[in-house]
Every structure is written in C-alpha cells, then in structure tokens.
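# Report on the structure
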2 protein chains.
Amino acid sequence: MDEVSVKGWVRTFRSKRFLALNDGSVIHNIQCVIDFENTPEETLKRITTGAAVAIQGNLVESQGSGQKYEIQVTNIEILGDSDAEDYPMQPKKHSLEFLRENAHLRVRTNVFGAIMRVRSVLSFAVHHYFQDRGFVYVNTPVITGSDAEGAGEMFRVTALPAQNPPVNEEGKVDYTQDFFGKETNLTVSGQLEAETYAMALGQVYTFGPTFRAENSNTSRHLAEFWMIEPEVAFNDLDANMDLAEDFIKYVIRYAMEKCPEDLTFLNQRLQEEDKKKPAAERSEMTLLEKLRFVLENNFKRVSYTEAIDILKNSKPNKKKKFKYIIDEWGADLQSEHERYLVEKHFNSPVILFDYPADIKAFYMRLNDDGKTVRAMDILFPGIGEIVGGSQREERLEVLQDKINELGIDEKELWWYLDTRRFGTAVHSGFGLGFERLVLFVTGMTNIRDVIPFPRTPQNADF
Amino acid sequence: MDEVSVKGWVRTFRSKRFLALNDGSVIHNIQCVIDFENTPEETLKRITTGAAVAIQGNLVESQGSGQKYEIQVTNIEILGDSDAEDYPMQPKKHSLEFLRENAHLRVRTNVFGAIMRVRSVLSFAVHHYFQDRGFVYVNTPVITGSDAEGAGEMFRVTALPAQNPPVNEEGKVDYTQDFFGKETNLTVSGQLEAETYAMALGQVYTFGPTFRAENSNTSRHLAEFWMIEPEVAFNDLDANMDLAEDFIKYVIRYAMEKCPEDLTFLNQRLQEEDKKKPAAERSEMTLLEKLRFVLENNFKRVSYTEAIDILKNSKPNKKKKFKYIIDEWGADLQSEHERYLVEKHFNSPVILFDYPADIKAFYMRLNDDGKTVRAMDILFPGIGEIVGGSQREERLEVLQDKINELGIDEKELWWYLDTRRFGTAVHSGFGLGFERLVLFVTGMTNIRDVIPFPRTPQNADF
C-alpha cells in the first residue's frame, strides 16, 4: 500500500464513488474510489466530467474487474470546476465533425489523446532514425523569396498594407518597399535548399511545416502540413528507394513498440467502426495487422511503364469504370489508378518509378531514354501517395536546358545551379507528408484529425 | 591495411600528392595520398578545391604528422569539377559577411559545417529531453487567425491578389474572400494553443518556426526563427524555473558529449578571434569554459524588485552611463541593464522573476500584491534574454478582467478562455529562442550565422 498524490481531470464519476481520473500521459484512467460517506455533498457535486482535481490516497490492488490498481481516496481537492451542463466534451460519443469544431478540447478524448501521443512518438522516431545514421537536421526557410519550386500554389507573406499598397512607376505593387524588399511566399518544399546542404554535409533531412494554397477540400489535403525531406549525396534512385522503405518501416515499428496501448485502443476503435459498415466495405485487416503487413513485406517496385500496362489491361479500364481511361503511355496517374494498383492489383505498398519527364518536376534526373526521369512515388493502401522523390539532375547543362525550356529565369536559381557548377555529384531525396503517415498508423481517415489545429480552405480557427 | 572506397569533396590539394577529402560527416578531413607519377596530368589538374571525387585506396597508418590514418589512393574519379578560379569558397579565410551572401556554399567551410552539425545535435537534444520525460510534441499552427497574442508585429498571409483585392461594402479589404475566409498571419508564438493541449495531455512542448515582422536589424534578431515552448499542467513558477534550468543544462551537456570535435574547433576559432582583440575586450573564459560554467553553477534567481535595487545603486546608473537611467520600480529593463546584471554584477546566468504586471503579457498570473506577475526571464552572458516564461493566469475572472482592460475582444479568445472554464488548473511554460541557444553553444556572435538561410529585413535570399 503506497501513499500517492495525483492530479488530473475527471473523465467519469459514477455511483458517487468511482472517479476515473486521467492526466493525459496514457490512455488508461486510474480508478479513484471516493469514500463518499465522509466527503461533503458540496464536493461530490463538483466532481464532474472535465473538472481538474488533486487527489491523495493509497494505491492498492483493485477489488473490481477492469483495472489492476486503484486509489482509495483520502483527500480530494477540486482545482477547477467543469459545469456538467456547459462542458462540450460530454461522456458520450461525439462525431468527428463536432470534435473538429472543438479542436482545443477534443484532445481530452481517448481517441485524440491517443492520436496526438502517437503523432508525437512518430515525430521522435523520424529524428531518431536520421540522427542515429549521421544525418544533419536542416531548418530550411518557411518564408521564401524563390518562386521556382513549382510544387503548387503559394501563400503570399507580406507586411505591406492590404489596402492601397505602395505602387511603383509601372503601377504595380512595389515589393521593394515590403519587409524583405521583394515578393515572398510560404514554402512548398525545402528540397532545393536541402540539396545545397547535402552537397556539403552529405546526408541531411528537413522536418518542418510546408504550405499549399490549393482549394482542395478533401480528406487528404491540408493547407499547412509537416513534411520530412531527406537528401543524400552520392545516393542514386535505388538507394533512395531503399532509404525510404527502411525509414517508413523503422518509424512504424518504433510507434508499435512505444505506443502499444494507444495503438491497441485505435485498433479496437477501427474494428467497432468497421462493424457498422456493410460487410463488403469492411477492412480485410485490422489496423495492427495492416501495420505488421507493411513491416513484414517488401514494397513492390514497379516502373511507370509496367504500371501503365497493368492499368490498360485492368478490368475497370476495359469496362470504363475509371473516370480517366488509361489508353496511352504518358498519362498522369489519378488517385483511382493508384488505388487500383495498391489496393486491388498488388495489395501492398507500391513504389512506382521512372515516370515520364513531362509530368514530373524540372529537377529530376533524365534517363538515357530521353523521355523518363528517375522519379519515384510510394503509394499506400487507403492513403495514396505518401512519398514523392527522385534522383536529382546533377548535370549542369541538362538542368539549364530544362529550366530554360520551362521559361524559368536562371538568375532565380543561381544558388541552386551553383551546386552543379562546383563539385556536383549524384544525389537523391524524397518528401514524406507527415500527416499521411500519421493517418496510416492511427487508422484515421480524415487528415484533419491527425494534426492539432488543421488549416483548410475557410478554416483557420484557434 | 583495409581497402576503402570513399566519396566527398576536395578541401585542399598540395604538392600534387596530398588531397584533404571531406564528406561533411565530421570536421576532420581524411588525407588521401595520390600516386601522382601514375596519375594522368589531366586528372591531377581537375583535383581542385570543391571538386567532388570518388576514391578507392588502402587505409593505412599515416607516415606524416597531423593524422593517424590516411588513404593511399589506387584510383580516383572526378565526379564533379570545381573551377579553381570561379569557386567562391577559396581555401582561405572569408569574412562572415561574404559567407552570408553565399549561404548555399558557406556550409562547405569548417566553421559552418561545425555550427550546423552542432545545431542539429542540439535540436535532437531538445526532443530527447522532453520525450524521455513523457512530454508530447505538439505542432501548433504557423498560420493563425488569432491576433490576440500580442507578442509583436505580424506578417500577413494571404492568397488575395496584391493589387486591387476585393473590398466589402465598407470599402475595406474583404477577407471573407481570402483563402481562410478571414485575415490570417504568421504565428508569433504557439503558447496559447499549447496551453489547450497541456490542459489535456499534461506535459507538452512545441518546437517550430516563429515570426516577427519587426524592423530590427540587429545581431540578435531574425524575422523567422525556431522556438521551443514547453507547457506543463500543475507546474507553478518555481517548477517552471527548475524545468528551464534543467533543460538548458541537459541540451548543452548533450552537445558537449556528442560534438566534442566540432566544439573543440569552435573553441579554437574563438580563441584566435580573441587574440586579435585589444586585451581589455578579450573573453575571460574560453567557449568550453563558458559552457562548463553554465553546467556547474546554479542560475542566480533574482526578483525584479531586487534587480531594480541593484541597478539603482550600480555605478553606471549613478554615473549616468546607462542610456536609460533606472530611477524607479516599474521601469522596463533594457538590454544594457540585463547585461550589467548578468555580465558585471552576477557574472552568471540569471533568472529574473515577478515582474511588474504592466510590462508583461496579459496571460501571466497576477500575484497577491496586485502589481506583479509570475513571469520569469532567463538572461545569458553575451546573449541576453534566452528564455521568457510565466505561470499562466488560471482564474477565469481575473483573466477576463485583464483581457477587457486591454480592449481585446473576448470572442477572439473563446477557445483559450474555455481552458479556464472547464477544469482549469495552475500551469506554466516558457519559450526559448533556439537560435540564441545555438549562438551561446557555438560561440558565434551574429544570429544570422547559426541558421541556414537567415530571414531579416530586406533579405529573403535563397
């Protein structure tokens, strides 16, 4: 029998006797047994869901089922009340939509507590993986004056007055008077900057917020998300694929080892959700089975050209079930095609590589065939694209030709081109959308539920 | 004798024989001895500073002094040339100003390689410290719709056209048509959001980019910097000071253990810099001595009131050497006063606490005296303020009064006030400017030199 002193929040209180207390550190509550006959009625009334309390008592083996230990309370102090009528987080099941509107409180529920602890542990796994292997963490800038990345629509960052900003002689907004003396945006990728560091430090990685001003109101897109971008000198595309696969397996394994209780809870949650669905829509595997499946199987590596053949000859293509019919090499793959490959044909994570140059970014290395580039995408069941990467074009002239072809001003990229002018070498890297990884590991289906305060079109609350 | 195969960049090449190779993983080069008589003249010419090379050879104990091992080269391949005339990073000492203009290449120098490796290890130490203690890492949003933080000038984030944005009936810019449907800015602090998480998960921390649109062109300010913000439920200000001191000592010790070679190099660099100064301006301690001093001594904890007394009676105050003379309680301390306390009077890191309410933020807990708040700042020699923190005002009514007094709309902070409405409790936290920590640990003096691509007024290059 140990005397203990604990503080936390009331999750439930029943029979004036059993208080389920949680301090946020783990998913399980500790049962605190109140000696209600010797506790003032006034205090008992204040033991409501959400109230903060300080408890003193004795930790003993529990008489009841459901827990090994419990606290026999000798003293309870109400630190902060929580009006039972007003408190939005009632002890019942709330919809995920309702919880999103209360993003500041939803983390007090079991589901969101578990998600956010798993997210945190996954973040640490990311750093652990790279630091243990001698990678240097690089904080690439969030505010960028470079608009040549071409990865998507950008948000403008400005300190000029919104109304009647200063204009120059041509009648255009005069950005020379803005904070940075030029037009600036929020970064869509730290890759180009990370490349300059890889060409000095060898192995580097970024892990920071990234932005897209795209009006995509889907369950897979955020306007602000966290991205991991390793970049390695002397790695070719094969080494890059090896790194990505090894990395993903490591962080999933790490979360499974460090968060068994949270993942067991999320596993059960998903099974219960599944039971409500018609049989045909239920998952073949539980969450934990899916995670183990990824760890135990090699990702299928398939060239774009092979993938096109598979898709062309697929049932949904022949029966015109795809919205976009695949009829020739060169087509950009849509989400429906990626899902078919991953969820129907291979039933496994897939790495697609060697894409047509025309549908990929300028910095990817051109193959000798003159029409494909050393790009790779990793596709996950239920998630879609989780990684996009490539071997970079290290040859100055080839890169310059491509830049000119696209009408990008070389002067904008003088510093990027310098890495090819001075001591250039084969190098590769990839970007992994951190929230998509968290989605996969937690079994959630809407990306808004795996980041504390999601930013999406029409929503920047909190 | 081991056969080895290495890739890296040429740092120097002398006597057609001794090639100093570096792959960025450590500060030391490996000496590669070229059999120049059996190497084509054409190849020898291409072994220039900055060139990328692949070397095969035998690792043997070195005959020469200065290194234990060397590689006797059996084959060398030039992967990427570096024109000796054009390469900006000549094998000589460059000014820090010149290197800042070449931020994409400066990391190829010994100094910046060392700084960036130390920075990376310090980042990992931050995560290690908190994760080992059960803190949950929280990614608070970078784009914020909340303008009540009041920590400084903000950058606006927008997807509206800069020229002729849509206007509403009042003739004002119509932010309802902007991406988020309202005016948004770059965050100046994740504290308020972190508080909501601490009141659910107990112990949390943020570590992410933070922004100030202030026109401060000093060696201590950046427009974009990384901040660490732990927040702990049930911690009072004393526990908060303990946490901050323990945390800072941990990360410094961690860097000293993991980066002995880089820190020894930076230590020597600083000693050499010091020798060039007049005797009176030289440091009393070397960099490593300073770091050890911080580890081995308690930070001095001094109330604001005591500090004012010390300052009032100080020589520079009496002799009117301070720009701002301290004549009464309530004065805001300037950098000159902080430096006097830390560098002259105490000669130690100092924690100042219990500041006048009037000069501190609205969310800090009011003391019973009705005029001071439970705030604390940690001041470091040579750096100034490195930490600012407080116990938070957990009482709803007191907080509401303060908010109303300041003319802040309560509706703006409805979610923040909810944490005081439902299960409020004592809690505390602090913010630590990561670059100031890196400054201190590396012994650099300009904050632009400890972040890869600094953002300052008129500068968003790369």
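Residues numbered from 1 in each chain as written. Chains lettered and ligands numbered in written order. Predicted model: local features only at pLDDT ≥ 70, side-chain atom pairs only at ≥ 80, totals over all residues. Heavy atoms only, no water.

For chain A, the count of helices and strands is 13 helices and 16 strands. Dimensions of chain A, computed from C-alpha atoms along their principal axes, come out at roughly 85 × 60 × 45 Å. A total of 462 residues make up chain A; the buried ones form 59% of that total. Entry remark: accessible area of chain A is about 19500 Å², with carbon and sulfur atoms responsible for 44%. Of the charged side chains in chain A, 55 are positive and 72 negative; the average position of the first set lies 6 Å away from that of the second. (Helix = DSSP H or I, 4+ residues; strand = E, 2+ residues; numbered from the N terminus. Buried < 20%, exposed > 50% of the residue type's maximum accessible area, 1.4 Å probe, protein only. Areas by Shrake-Rupley, 256 points an atom, 1.4 Å probe, with all protein chains shown as cover. Lys, Arg positive; Asp, Glu negative; His and termini not counted. Charge placed at Lys NZ, Arg CZ, Asp CG, Glu CD.)

Residue and element names in this part refer to chain B. On the basis of which strands lie adjacent, the open sheet formed by eight strands has the order β6-β10-β11-β16-β15-β14-β13-β12 and mixed pairing. Of all strands in the sheet, those bounded by a partner on one side alone are β6 (136–137) and β12 (300–303). Strand direction decides the pairing type here: strand β15 (residues 384–391) and strand β16 (residues 427–433), joined by five bridges, are antiparallel. In the strand pairing of β16, Val 387 is matched with Leu 432. (Pairing = 2+ DSSP bridges.)

Turning to the packing of aromatic side chains, a few remarks are in order. Residue and element names in this part refer to chain B. Applying the stated criterion to the full structure yields 61 aromatic pairs over all chains. A cation sits over an aromatic face here: Arg 133 above Tyr 129, 3.8 Å from the ring centre. It is Arg 133 that lies over the ring of Tyr 250; its NZ or CZ is 5.3 Å from the centre. (Phe/Tyr/Trp six-rings, centres within 6.5 Å; stacked < 30°, edge-to-face > 60°. Lys NZ or Arg CZ within 6 Å of the ring centre and 35° of its normal.)

All names here are of chain B. Between helix α3 (residues 110–132) and helix α5 (residues 237–258), the least distance of the axes is 9 Å, while the angle of their chain directions is 130 degrees. Considering their axes alone, α3 and α5 lie oblique with respect to each other. Handedness of the crossing formed by α3 with α5: right-handed. Residues Val 121, Leu 122, Phe 124, Ala 125, Val 126, His 128, Tyr 129, Phe 130 and Asp 132 of α3 pack against Leu 243, Asp 246, Phe 247, Tyr 250, Val 251, Tyr 254, Ala 255 and Lys 258 of α5. Within the contact of α3 with α5, the residues separate by chemical class into 13 nonpolar, one polar and three charged. (Axes fitted to C-alpha atoms, helices over the stretch in contact; angles between N-to-C directions. Parallel < 35°, antiparallel > 145°, perpendicular 65-115°, else oblique. Left-handed = near helix turned anticlockwise from the far one by under 90°. Contact = heavy atoms within 4.5 Å. Nonpolar A, V, L, I, M, F, W, Y, C, P; charged D, E, K, R; others polar.)

Right, let's talk about the domain arrangement of chain A for a bit. Residue and element names in this part refer to chain A. In terms of domain boundaries, chain A breaks down into domain 1 (2–92) and domain 2 (110–144 + 195–449). Computed from C-alpha atoms alone, the centre-to-centre distance between domain 1 and domain 2 is 44 Å. With six residues of domain 1 at the contact, the number on the domain 2 side is six residues. Counting the surface lost from both domain 1 and domain 2, the interface buries some 490 Å², and carbon and sulfur atoms represent 47% of this. Of all residues in domain 1, Arg 11, Ile 27 and His 28 bury the most surface against domain 2, accounting for 76% of the area lost on that side. Summed over the shared surface of domain 1 and domain 2, the number is two residue pairs in polar contact (both at pLDDT 80 or more). (Domains from an automatic or database assignment. Buried area = accessible area lost by both parts, 1.4 Å probe. Polar contact = N/O pair within 3.5 Å; in protein donor to acceptor, adjacent residues only side chain to side chain.)

The two copies are related by a screw operation: chain A maps onto chain B through 180 degrees of rotation and 0.0 Å of translation along the axis, at an RMSD of 0.0 Å. Each copy turns onto its partner about a two-fold axis. When C-alpha positions in chain A are compared against the rotation axis, the closest is assigned to Val157(A), at 2.4 Å. Take the interface residues of chain A: 100% of them recur as interface residues in chain B, which is what a same-surface contact looks like. (Least-squares fit on C-alpha atoms with pLDDT ≥ 70 in both.)

Turning next to the sheet that holds strand β4 (residues 52–61) of chain A. Note on sheets: strands pair through backbone hydrogen bonds, and any given pair is parallel or antiparallel. Residue and element names in this part refer to chain A. Here we have five strands rolled up into a closed barrel, ordered β1-β2-β3-β5-β4, and mixed in their pairing. If you compare each strand with its neighbour and ignore which way they point, the axes differ by 55 degrees on average. One ladder, built from 10 bridges, connects β4 with strand β5 (residues 69–80); its direction is antiparallel. By the bridge assignment for β5, Glu 61 is matched with Tyr 69.

Listed as buried for helix α7 (residues 287–296) of chain B are Leu287(B), Leu288(B), Leu291(B), Val294(B) and Leu295(B). Buried positions in α7(B), seen along its axis, are confined to an arc of 125 degrees and lie on one side of it. (Arc of directions from axis to C-beta.)

Here we come to the interface of chain A and chain B. Taken together, the contact pairs 110 residues of chain A with 110 residues of chain B. Here chain A and chain B share an interface that buries about 8500 Å² over both sides, 63% of which is from carbon and sulfur atoms. For the pair chain A and chain B, the interface holds two salt bridges. With a closest N to O distance of 3.7 Å, Asp461(A) and Lys182(B) form a salt bridge. (Salt bridge = Lys/Arg side-chain N within 4 Å of Asp/Glu carboxyl O.)

All names here are of chain B. All of the buried residues in helix α8 (residues 304–312) are Tyr 304, Ala 307, Ile 308, Ile 310 and Leu 311. Buried residues of α8, seen end-on, are gathered within an arc of 160 degrees and therefore sit on one face of the element. Those residues of α8 hidden inside the fold are in contact with β12, α9 (315–318), α10 (335–345) and β13 (350–356).

Moving on to the pattern of salt bridges. Residue and element names in this part refer to chain A. Under the definition given, this model contains 44 salt bridges over all chains. Between Glu 273 and Lys 276 there is a salt bridge, with its nearest N and O atoms 3.4 Å apart. With relative accessibility at 60%, the residue Lys 276 sits in the exposed group. A salt bridge links Lys 360 to Asp 377; the nearest nitrogen and oxygen atoms lie 3.1 Å apart. Here Asp 377 lies in strand β14 (residues 372–380) and Lys 360 lies in the loop between β13 (350–356) and β14, a separation of 17 residues in the sequence.

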